[in-house]
Amino acid sequence: MAKSSYQAPRGTFDVLPADKRVRRRVERVAATILSRAGYEPIATPVFEDTDLFERGVGRSTDIVRKEMFTFEDKGGRSITLRPEGTAPICRAYLEHGMHKLAQPVKLYYRGPFFRHERPQAGRFRQFHQVGLETIGSDSPLADAEAIMLLSDLFTELAVPGVELRLGSLGSHESRSAYLEELKAYLRANEDELSKEVRERIDLNPLRAFDADDEGTRAVMADAPTLVERLEGEDAKHFAEVRALLEAAGTPYEVDPNLVRGLDYYTRTIFSFVCPALGAQSEIGGGGRYDGLIEQLGGPPTPAVGWAAGIERIMLAMGEEGGSTGRDAFLAAADDDQRQRALTLAIELRHAGLSAEVDLAGRGLKGQLKHADRIGARHVLILEADGSLQMRDMDSGEQHQVAPGAVLDELAR
Ligand code: HAM
């Protein structure tokens with residue numbers, strides 16, 4: 001076998017044609033669902049000024065502290081391969097004066113993202129997200145709609161075993177009182193906490209809810225939670241989001257310990273998980289980020305959004321490739337029929353069907369085998385006497401068809 005000593009960098013992978021087909025389906029279904037709801041596509045560069053993520057995502061997060069691919073360009077500027085899409089989209093929103101458009105601005109995107117994490121199943125250094133941002137609405141309807149659209153995506157793709165966890169972080173102001181209470185609680189139990197959590201009590205105490213070690217987990221089981229402390233407008237907002245989800249029949253579970261790895265969240269946060277995936281079980285998540293646009297120098301602008309990991313969705317679907325799903329394969333019974341096969345294939349393609357012919361000089365048996373391998377739904381066999389046989393590859397049923405009836409039969 002032809003092999004070189006070069007390999008894709010650690011934590012990255014090649015998207016091969018079979019894999020690409022499943023991805024395209026995920027992307028297509030997402031685009032259909034989101035455009036039906038009035039969301040429009042946006043694309044931003046794969047790299048940005050480092051400062052955008054430091055400010056936007058937050059200096060205390062693991063992403064900014066440890067996981068960014070940051071380097072200097074030839075002009076001495078610090079640039080970073082985007083670890084996420086929300087800060088870049090907020091940058092674009094401000095840069096292009098989108099705050100002057102009718103609000104909210106509803107956008108979706110897909111593409112590669114980069115995090116220098118320890119690679120493992122479902123965790124890569126280059127991965128792909130499809131995401132949505134609703135910028136310029138503080139209504140709980142926007143939160144509920146965003147959540148339901150992501151839920152629709154998983155339903156439409158028939159991802160099995162998906163659970164929705166919901167939480168609220170309150171606003172920045174209400175959170176600060178709670179954070180003081182949490183820090184005091186962590187300090188009082190410092191001896192049982194992991195070194196990492198202990199070192200971050202001041203910097204990012206909420207992350208203690210996310211720790212894996214038993215000592216910290218035992219302490220956190222009795223820790224005060226933000227959801228219990230929500231008051232006033234924050235409590236009202238959360239109750240409204242919950243009521244909207246309930247009215248729409250979207251099942252969820254309130255998770256008082258839910259935290260997310262980015263600093264910009266306020267109020268609603270949510271996470272869709274597939275527990276069967278094990279350690280990296282979150283297939284998508286997001287929340288409200290009412291302070292981010294202001295943080296980046298814009299006017300106060302409420303917003304909510306999410307992103308879903310395409311590789312994780314594919315893992316959860318158990319799909320790592322698959323058949324091409326061609327409508328038809330045109331098999332020539334002998335060499336004289338090859339030209340007829342190509343002509344008919346072109347005719348079918350012009351009619352909007354997918355059709356392939358053999359380009360490798362296989363005999364009839366080899367062509368039938370190949371048609372099966374690529375997942376063709378029908379094989380049309382062009383016989384030496386000029387007749388045409390149609391075989392249904394699922395049932396194995398075969399019958400003669402008149403050339404003029406092929407399109408009708410394929411459309412059945
Ligand atoms: P995130 O939770 O960091 O949020 O990532 C969203 C999704 O990307 C995760 O749920 C997961 O499915 C996938 N993902 C993250 N890291 C990796 C990785 N290393 N390998 C494979 N998949 C991964 C955000 O990125 C926010 N920008 C979401 C958002 C949008 N919030 C508001 N608007």
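In the block above lies the structure referred to throughout.
Residues numbered from 1 in each chain as written. Predicted model: local features only at pLDDT ≥ 70, side-chain atom pairs only at ≥ 80, totals over all residues. Heavy atoms only, no water.

A. Examining the overall build of the chain more closely. In terms of helices and strands, the chain carries 15 helices and 16 strands. Projecting the C-alpha coordinates of the chain onto the three principal axes gives extents of approximately 90 × 55 × 45 Å. Relative to its full complement of 412 residues, the chain shows a buried share of 49%. Residue pairs at least 24 apart in sequence account for 69% of intrachain contacts in the chain once pairs closer than 6 positions are excluded. Within the structure as shown, the chain displays about 20,600 Å² of accessible surface, and the carbon and sulfur contribution to it stands at 49%. Taking the 51 positively charged and 66 negatively charged side chains of the chain as two groups, their mean positions are separated by 5 Å. (Helix = DSSP H or I, 4+ residues; strand = E, 2+ residues; numbered from the N terminus. Buried < 20%, exposed > 50% of the residue type's maximum accessible area, 1.4 Å probe, protein only. Contact = heavy atoms within 4.5 Å. Areas by Shrake-Rupley, 256 points an atom, 1.4 Å probe, with all protein chains shown as cover. Lys, Arg positive; Asp, Glu negative; His and termini not counted. Charge placed at Lys NZ, Arg CZ, Asp CG, Glu CD.)

B. Molecular detail of the pattern of salt bridges. With the rule as written, the count across this model stands at 31 salt bridges. E196 is the partner of R200 in a salt bridge, and the nearest nitrogen-oxygen pair spans 3.5 Å. A relative accessible area of 9% places R200 in the buried class. (Salt bridge = Lys/Arg side-chain N within 4 Å of Asp/Glu carboxyl O.)

C. Examining a positive patch on the surface more closely. Where like charges cluster on the molecular surface, the positive patch consists of K20, R24, R25 and R28. Mapped onto the elements, R28 comes out in helix α1 (residues 17-36). Under the relative-accessibility criterion, R28 is labelled exposed at 51%. (Patch = residues over 30% accessible without salt bridge, like charges linked within 9 Å, V, L, I, M, F, W, Y side chains within 5 Å.)

D. Quick look at the packing of aromatic side chains. Summed over the entire model, instances satisfying the criterion amount to 7 aromatic pairs. Connected via pairs of aromatic rings, a cluster forms that spans Y109, F113 and F127. Just above the ring of F113 sits the side chain of R82; from NZ or CZ to the centre is 4.2 Å. (Phe/Tyr/Trp six-rings, centres within 6.5 Å; stacked < 30°, edge-to-face > 60°. Lys NZ or Arg CZ within 6 Å of the ring centre and 35° of its normal.)

E. Structural context of the site of the ligand. In the region of the ligand, 27 residues are neighbours, and E84, E117, R260, Y265 and E282 sit closest. A distance of 2.8 Å is found between a nitrogen atom of the ligand and a side-chain nitrogen or oxygen belonging to E133. Here an oxygen atom of the ligand sits 3.3 Å away from a polar atom, N or O, in the main chain of I283. Isolated, the ligand exposes 660 Å² of accessible area, and the fraction of that covered by the protein chains is 96%. Elements that contribute at least two residues to the shell around the ligand include exactly β6 (126-135), β10 (282-288) and β11 (303-309). (Near = heavy atom within 4 Å. Polar contact = N/O pair within 3.5 Å; in protein donor to acceptor, adjacent residues only side chain to side chain.)

F. How the structure looks around helix α13 (residues 338-350). Along its 13 residues, α13 runs 18 Å from first to last C-alpha, staying within 8% of the 18 Å computed at 1.5 Å per residue. Residues of α13 that are buried: A341, L344, A345 and L348. The arc enclosing the buried residues of α13, seen along the axis, measures out at 105°, which places them on a common side. Facing away from the buried side of α13 by over 90 degrees, the exposed positions are Q339 and H350. Phi turns positive one or two residues past the end of α13, at G352, with a value near 95°. (Expected span 1.5 Å × (residues − 1). Arc of directions from axis to C-beta.)

G. Highlighting the packing of α1 against helix α12 (residues 310-317). α12 packs onto α1 with a crossing angle of 105° between their chain directions and a minimal axis gap of 10 Å. Relative to α12, α1 is oriented roughly perpendicular. The segment α1 lies against α12, with D19, V22, R23, R25, V26 and E27 engaging I310, E311, I313, M314 and M317. When the residues that make up the contact of α1 with α12 are grouped by side-chain class, the tally is 6 nonpolar, no polar and 5 charged. (Axes fitted to C-alpha atoms, helices over the stretch in contact; angles between N-to-C directions. Parallel < 35°, antiparallel > 145°, perpendicular 65-115°, else oblique. Nonpolar A, V, L, I, M, F, W, Y, C, P; charged D, E, K, R; others polar.)

H. Local environment of the sheet that holds strand β4 (residues 78-81). Across the sheet, 3 strands lie side by side as β2-β4-β3; this open sheet has antiparallel pairing. Pairing within the sheet leaves two strands with one partner each, and these edge strands are β2 (47-49) and β3 (70-72). If you compare each strand with its neighbour and ignore which way they point, the axes differ by 35° on average. Pairing between β2 and β4: 3 bridges, direction antiparallel. (Pairing = 2+ DSSP bridges.)

I. Quick peek at the sheet that holds β6. If you walk across this open sheet you meet the 8 strands as β1-β5-β6-β11-β10-β9-β7-β8, and the pairing is mixed. If you trace the sheet from one side to the other, it starts and ends with β1 (40-41) and β8 (253-254), each paired once. The pairing of strand β7 (residues 163-168) with strand β9 (residues 266-273) spans 6 bridges and is antiparallel. Bridged to S168 within β9 is T268. Across the sheet, helix α5 (residues 140-156) lies against β5 (105-114), β6, β7, β9, β10 and β11, angled at about 10° from β9, the strand it touches most. Against the sheet, helix α10 (residues 232-247) touches β7, β8, β9 and β10, its axis set at about 160° to β7.

J. Quick peek at the layout of surface pockets. Taken as a whole, the second largest pocket encloses approximately 510 Å³ of empty space. S60, H172, R175, D263 and Y264 are, among the 28 residues lining the second largest pocket, the residues nearest its centre. Of all the elements in the fold, those that place two or more residues in the lining of the second largest pocket are α2 (50-57), α6 (172-188) and α11 (292-295). Here the element with the most residues in the lining of the second largest pocket is α6; it accounts for 6 residues. Residues belonging to the lining of the second largest pocket are distributed by class as follows: 10 nonpolar, 8 polar and 10 charged. (1 Å grid on protein atoms, 1.4 Å probe; cavity = no way out; pocket = protein on both sides within 12 Å on 5 of 7 lines; lining within 4 Å. Points joined across faces, edges and corners; volume = space filled by probe spheres on them.)

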